[in-house]
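# What the coordinates show
So the chains spell out like this:
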Amino acid sequence: MRTDTAPLIRLTDYRPPDWLVETVHLDVTLHPTETRVRASLALIPNPAVPPAPLVLDGDGLTLVSLRRDGVSLPADSYIATPDKLTIPQPPNRPFRLDIETVVDPTANTQLSGLYRSSGTWCTQCEAEGFRRITYFPDRPDVMAVYSTRIEADKSEAPVLLANGNLIDSGELPDNRHFAVWHDPHKKPSYLFALVGGDLASIEDKFTTMTGRDVTLRIYVEHGKEDRADYAMDALKRSMRWDEEAFGREYDLDIFMIVAVSDFNMGAMENKGLNVFNDKYVLASGETATDGDFAGIESVIAHEYFHNWTGNRITCRDWFQLCLKEGLTVFRDQEFTSDMRSRPVKRIADVRTLRAAQFVEDSGPLAHPVRPAAYKEINNFYTATVYEKGAEVVRMMQTLIGREAFRAGMDIYFARHDGEAATVEQFIQCFADASGRDMTQFMRWYAQAGTPEVNVRTQFDAERGIYTVTLKQSVPPTPGQATKAPMVIPLRMGLLDKNGRELPIVPVEGGAIQRDVLVLDKAEQTLTFGGMTERPVLSINRAFSAPIKLVTDLTNADFALLARHDSDPFNRWQALQTTAIRLLTDNVARLRAGGMPRADDNLIGALGAILNDESLEPAFIALALTPPGEGDIAREIGRDIDPDKIHLARQALREDIGIRLGADLSLTYERLASADPYSPDAASAGRRALRNVALDLLAATGSSPAITRAADQYADADNMTDRMAALATLAQHEVPERGEALDDFYKRYADNALVIDKWFSLQAASPHKSALDKVRGLTAHPAFSMGNPNRVRAVIGAFAQGNLTQFNRADGAGYAFVADSILAIDPKNPQLAARLATSFRTWRTLESGRRALAETQLRRIKASPNLSRDLADIVERALG
Ligand code: TRP
Ligand code: ZN
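Procedures and definitions
Residues numbered from 1 in each chain as written. Chains lettered and ligands numbered in written order. Predicted model: local features only at pLDDT ≥ 70, side-chain atom pairs only at ≥ 80, totals over all residues. Heavy atoms only, no water. Salt bridge = Lys/Arg side-chain N within 4 Å of Asp/Glu carboxyl O. Helix = DSSP H or I, 4+ residues; strand = E, 2+ residues; numbered from the N terminus. Disulfide = S-S within 2.5 Å. Core = buried A, V, L, I, M, F, W, Y, C linked by side-chain atoms within 4.5 Å. Buried < 20%, exposed > 50% of the residue type's maximum accessible area, 1.4 Å probe, protein only. Contact = heavy atoms within 4.5 Å. Near = heavy atom within 4 Å. Polar contact = N/O pair within 3.5 Å; in protein donor to acceptor, adjacent residues only side chain to side chain. Areas by Shrake-Rupley, 256 points an atom, 1.4 Å probe, with all protein chains shown as cover. Nonpolar A, V, L, I, M, F, W, Y, C, P; charged D, E, K, R; others polar. Phe/Tyr/Trp six-rings, centres within 6.5 Å; stacked < 30°, edge-to-face > 60°. Lys NZ or Arg CZ within 6 Å of the ring centre and 35° of its normal. Donors = N, O, S within 2.8 Å, 3.2 Å for Na, K, Ca; no water. Axes fitted to C-alpha atoms, helices over the stretch in contact; angles between N-to-C directions. Parallel < 35°, antiparallel > 145°, perpendicular 65-115°, else oblique. Left-handed = near helix turned anticlockwise from the far one by under 90°. Pairing = 2+ DSSP bridges.

Close approach of charged atoms lets side chains of opposite charge pair. Taken as a whole, this structure holds 73 salt bridges when the rule is applied. Of the charged contacts, one joins Asp-349 and Lys-345 as a salt bridge, the two residues approaching to 3.0 Å between their closest N and O atoms. Note that Asp-349 and Lys-345 are positioned in helix H4 (residues 342-361) at a spacing of four residues, about one turn of the helix.

Written as C-alpha cells, this is what we have:
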C-alpha cells in the first residue's frame, strides 16, 4: 500500500474494541505452501461500548470457510477481503466464529506471520503479524486464552511447539503426528507463536522461589547444541535475578527458546516460547566474541523479563510500546550491571544511546518516546522507544530513589497484572509510591528532542560562594516547534583542587535530594557557601539524565575529573569531552587546509588512566578509545565532511600509539593469558584492554605492531582475539591483511554467524575500495538478500558503520545503498525500511553530499509500489 493512501493512526483516536475474544482454538496443519489454519474464536460484545459490526483484521489472507455457532454463513452476511473480514450485522450476544484460512509460509519473505527459516516453520506476530495467519482483532488490548493444535508430517517436523504447556500429542496415519498446547494466561495476539521443524534441543531445569520446577529447553539446528550452553546459563541467571531484584516468578511449567537464522530483529518474547535470531543464542569461545556473549546474555534476559513487563502486563495500544520496551531495556541493563561491571555497562549504554538515539532525536525521524501518530508501527521499534524509554524509567528511579521505585514497581505488578496498560497508569504507580507529582515528568514521553543543559559556574573568593547557573532548552523537532521545560535529575558533586569530594549543601536556589539536583525550570541558579577555594563541578554523574551538557569547565577541570572523580562515568566523560574538543578543533583546522594539533594534557591523562592499577581493565579500554567518527560528526552537527573527521580521529589514534607506545606495549604483554578462554566479564575486560592496546600500537602503522597483530591472528585460541587482530589488520594496506581475510573465510566458511563478521569487517573498512568490495560481496556465493543478518552484515555495516565510504563525495555510496533498499523492499519491507534510516542524517552533510543523498532519497520515494514501511521512512526523512 502506498503511503499516500496509508492512514495516519493517532493516539487520540483510541477507542476500546467493539468485540472481545475469550478463547482462541487454533488448529494448524503445516504444509510448505498451503498451511491450513482453522481458528475458533469465542467472541463477546464488549459490554463497555454500544453494539457494533464485527471487523477483523487480515493481511494477505485467503478465506476458505466461515461458520457462526457451527453454521456456514451465507455469502451475503459477511465481506472477506485479504485485509479484512466484516460481519456487518452480528448478533448482539456471545457467539463462536470458525474461520478457515490457507497461507503459504514458503512465499512469506517478509518474515512476519508464519514463515519458514531453513525448513523450520516459525511465526513472528509482533506487531501485526497474527493477521497474516488468521482474521482477528489484531490489537494488544484484546487478550484471550489460546490453545493450539499443530499437525505435520513426522519427518518434516518431529518437533511441534506453541505457547503454554503441552497437553496432548500423538501419532496419526500416513507418518503424521500432532501436538496440542494450552496457554492458561490471557494474552494479546502479538504474543502468539508456533514452531514446527526438525530441531535439536538442550534441556535444563529451574526451581523457582516457591519451589516449582520449570523445564527449560533451547531448540537449535542439529549439530549446534553445544553452542547453546551459554544462552541456557544466561536464562537461569535471568530467572533468578528477576526473583531477587523484582520478586517476579516464572508462571508456566516450561520455558522454550527456538533459534532461527532468518529473523528481522533480535528476538521475540512470545509467551513461554521465545523465538530468537540465532545470533543471540549460539556461541562458543571459538566462534563468538566477548561482545557476542554479552549480547546473548542481555537479549536472553530482555526477552525473559518481558514475561512480566510486556506479557503479564501488556500495552493497551502500540503508542504505549515504550511501556514494555523502555521498561524491559531498563531491566536488562540493570541485570547486566549486576552480572558485570555497573560503570562499564553504563558507559557502553550511553555510547549506544548517543550513537543511535541522539542521532535519531536530532534529525527528521525524531519522535517522542510515546509517539502521537504513526503510519507503520514497525518503524517505531526505535532507539527512542527502547533506549530513551529506558532512560526515562531510570530518571524516575533517580528522582524518587531506589526504594520508592521498587515499591512503585510492586504496585504496578499488583494493580495491572493481566491487563493492557498505559504509560499514565505506569507512572501513577510511582506517583503513589513516592507521593511525588509526576505531571511535568510526563513531558519526557511527549516531547521529542534531546534537551540541552547549559551550565555556567562562578566563584566569589571573597565571600566563599560558588554559583551554578543552569539553563535548559529542548530543540524543535518535526511537528513540535516549541517545548516546555523538562524535569531533569542531575546527579552531582563538587571536588576540591586535590580531587576530594566536598559536601554539597546549597545555601540558595533549590534543594538537592541526596546528591540529585532537579532542574525543572528553564533557568535555575544554585549557590553553595563556605567554599575556601573554587571547586570543580562534576555534573550529570552516571549520566543521570539523557541530555546534551554544555559547561564552562576548562580542560584543567576535566583533567582533574578524569583523574579523581569518584564517579567513574564522569572520569570517562571528562576524557571524552577533552578529546571531542580537540577533534572538532582539528576537523576545522584540516578543513582550513591546516594540520591537526596534538594535546599533551590529553595524552598525559590517558597515560595516567592506562597505568592506574585501581581501575578495571574494561574501564581503561573504554577510556582509551577515542570518540567515534559518529560522535565527532554529532558534535559538529552541520556542514559535515566525513573525510576530515576520519583524518582527525586517525591522527589522534596515531598520536596515542606513538606517545604511549611503551606503556601500551607493556600492557599488551602483561595481559597475555595462558588460561583457557572464559567469557566472564573480568577476562573479557582484560582482552578488551589488550586489544585496544594492540590497535593503538598498530595505528602508527609500525611494522612490529602489524606483525604482532598478524601473530595474534594466527595464534589466537578464541574468536575475540582472532577477530580483534583481524579488525586491526583490516585497517592497514599490508599483505597480512589479505592473507588473514582469506584464511578467516576458509576457516569459518560453514558458520554463517562468523562469516557475517567477515562480511561486515570489510564493508566497514574506511578504504576507498570499500564500495567496490561491498559490490563484490553482494555477488559472493554466500551472500543472500533473503537473510536479514547477511544483509545487515554487508549493506547495513556499509551504510551505518562506514562514515567515509557510505558518504563518498561522488555519491556512489548513496546510490548503491538506495539500489539495495529498492531490491530488498518487495521481499522484506521491514528490513528495507530499517536500512533506509541510514539516510536520516543527510541534512547535516556538507552541501555536495547533502544534494547527492537527497537525490537518492527522492529516487526511492518516486519508485513504484513502495511498501508502507519504506515509504513512511523516506517521506519523513525528506520531511
Ligand atoms: N518485542 C521484540 C523485543 O523487543 C521486538 C521484535 C521482535 C519485533 N521481532 C519483531 C518488533 C518484529 C517488530 C517486528 O524483543
Ligand atoms: Zn523488547
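For the structure shown, the criterion picks out zero disulfides. Note on Cys-315: no disulfide assigned, nearest cysteine sulfur contributed by Cys-322 at a separation of 7.8 Å.

Let us now look at the nonpolar core. If you look at the biggest cluster of nonpolar residues, it comprises 164 residues, and the most contacted ones within it are Leu-97, Val-281, Phe-426, Phe-441, Leu-470 and Phe-528. Sequence-distant contacts of Leu-470, defined by excluding residues within four places in its chain, comprise Val-453, Asn-454, Val-455, Leu-490, Leu-517, Leu-519, Ala-522, Glu-523, Gln-524, Leu-526 and Ile-539.

Taken together, 16 residues surround ligand 1, and among them Glu-126, Glu-269, Glu-303, Glu-325 and Tyr-386 come closest. A distance of 2.6 Å separates an oxygen atom of ligand 1 from a polar atom in the side chain of Glu-303. In this structure, Lys-324 approaches ligand 1 through a side-chain N or O atom, which is 3.4 Å from a nitrogen atom. For ligand 1, whose accessible area on its own is 370 Å², the fraction buried by protein is 97%. Elements with a minimum of two residues in the shell around ligand 1: strand S20 (267-268), helix H2 (290-305) and helix H3 (321-339). Class assignment of the residues belonging to the shell around ligand 1 gives a composition of six nonpolar, five polar and five charged.

A word on the packing of aromatic side chains. For any two aromatic rings, the description comes down to two numbers: the centre-to-centre distance and the angle of the planes. Taken as a whole and judged by the stated rule, the model has 39 aromatic pairs. Arranged with centres 5.7 Å apart and planes meeting at 65°, the rings of Trp-241 and Phe-246 form a pair that is edge-to-face. Look at Tyr-250 and Phe-255: their rings are 5.4 Å apart centre to centre, the planes differ by 90°, and that puts the pair in the edge-to-face class. We note that Tyr-250, like Phe-255, is buried. Members of the aromatic cluster, connected to one another through ring pairs, are Trp-241, Phe-246, Tyr-250, Phe-255, Tyr-304, Phe-305 and Phe-335. Positioned above the aromatic ring of Trp-121 is the side chain of Arg-116, whose terminal nitrogen or guanidinium carbon lies 3.8 Å from the ring centre.

Protein coordination at the zinc ion (ligand 2): the donors are His-302 (NE2), His-306 (NE2), Glu-325 (OE) and Glu-325 (OE), at 1.9 to 2.8 Å from the metal. Sequence spacing of the donors to the zinc ion (ligand 2): H-x3-H-x18-E. On the criterion of sequence distance, the pair formed by His-302 in helix H2 and Glu-325 in helix H3 is long-range, its members being 23 residues apart. For the pair formed by His-302 and Glu-325, the shared burial category is buried.

Moving on, we get to the packing of H2 against H3. Each pair of packed helices gets described by two things: the angle between the helix axes and the distance between those axes. The interhelical angle for the contact between H2 and H3, taken along N-to-C directions, is 135°, at an axis separation of 9 Å. Between H2 and H3, the angle is such that the two are oblique. For H2 against H3, the interelement crossing comes out right-handed. Counting all contacts with H2, which are made through Glu-297, Ser-298, Ala-301, His-302 and Phe-305, the residues of H3 involved are Glu-325, Thr-328, Val-329, Arg-331, Asp-332, Phe-335, Thr-336 and Met-339. For the contact of H2 with H3, the class distribution of residues is five nonpolar, four polar and four charged.

It is worth spelling out the pairing of strand S2 (residues 19-29) at this point. Side-chain direction in a regular strand flips from residue to residue, so the side chains alternate between the two faces of the sheet. Pairing analysis gives nine bridges linking S2 to strand S3 (residues 35-45), with the strands arranged antiparallel. In the strand pairing of S3, His-25 is matched with Ser-40. What sits between S2 and S3 in their antiparallel hairpin is a turn of five residues. Examined bridge by bridge, S2 and strand S12 (residues 144-153) share seven bridges and lie parallel to one another. Within S12, the residue paired with Val-24 across the bridge is Tyr-146.

Read across the sheet, five strands follow the order S29-S32-S26-S25-S34 without closing on themselves; strand pairing throughout is mixed. The open sheet has two edge strands, strand S29 (506-508) and strand S34 (548-551), and neither has a second partner. Strand-to-strand, the axes of this sheet are offset by a mean angle of 30°, without reference to chain direction.

In this structure, the amide linkage connecting Glu-126 to the following residue, Ala-127, adopts the cis form with an omega of -5°. Positionally, Ala-127 belongs in the loop between strand S11 (120-124) and S12. Its identity as a non-glycine residue notwithstanding, Asp-639 has a phi of 55°, on the positive side. Note that Asp-639 resides in the loop between helix H13 (629-636) and helix H14 (642-659). Relative accessible area serves as the criterion here: at 30%, Asp-639 is assigned to the partly exposed category.

What follows deals with the pairing of strand S27 (residues 488-495). Summarising burial for S27: seven of the eight residues are buried, a large majority. In this structure, S27 lies alongside strand S33 (residues 536-539), joined through four bridges in antiparallel fashion. Residue Leu-494 lies in a different strand from S33, and its bridge partner there is Leu-537. As paired elements, S27 and strand S28 (residues 501-502) share two bridges and run antiparallel to each other. Looking across to S28, one finds that Leu-494 is bridged to Leu-502. Count of turn residues in the S27/S28 antiparallel hairpin: five residues, of which Gly-499 carries a positive phi of about 85°.

With that out of the way, let us pick up the side chain of Ser-867. As for its placement among the helices and strands, Ser-867 is situated in the loop between helix H26 (847-862) and helix H27 (868-878). Judged by relative accessible area, Ser-867 falls into the buried class, the value being 10%. Looking at Ser-867, its side chain comes within polar contact range of the side chain of Asp-825, at 2.6 Å.

What follows covers the sheet that holds strand S21 (residues 273-277). Strand order in the open sheet made by the five strands is S17-S18-S19-S21-S20, with mixed pairing throughout. Looking at strand neighbours, the two that pair on one side only are strand S17 (200-207) and S20, the edges of this open sheet. Pairing between S17 and strand S18 (residues 213-220): eight bridges, direction antiparallel. Residue pairing across strands places Glu-203 opposite Arg-217, the latter belonging to S18. Packed onto the sheet, helix H1 (residues 229-246) meets S17, S18 and strand S19 (254-260) and runs at close to 25° relative to S17.

Attention shifts here to the packing of H1 against helix H6 (residues 402-416). Orientation of H1 relative to H6, taken along the N-to-C sense of each, is 110°, at an axis distance of 11 Å. The angle between H1 and H6 falls in the class roughly perpendicular. Along its contact with H1, which presents Glu-244, Ala-245 and Phe-246, the element H6 presents Phe-405, Arg-406, Met-409, Asp-410 and Phe-413.

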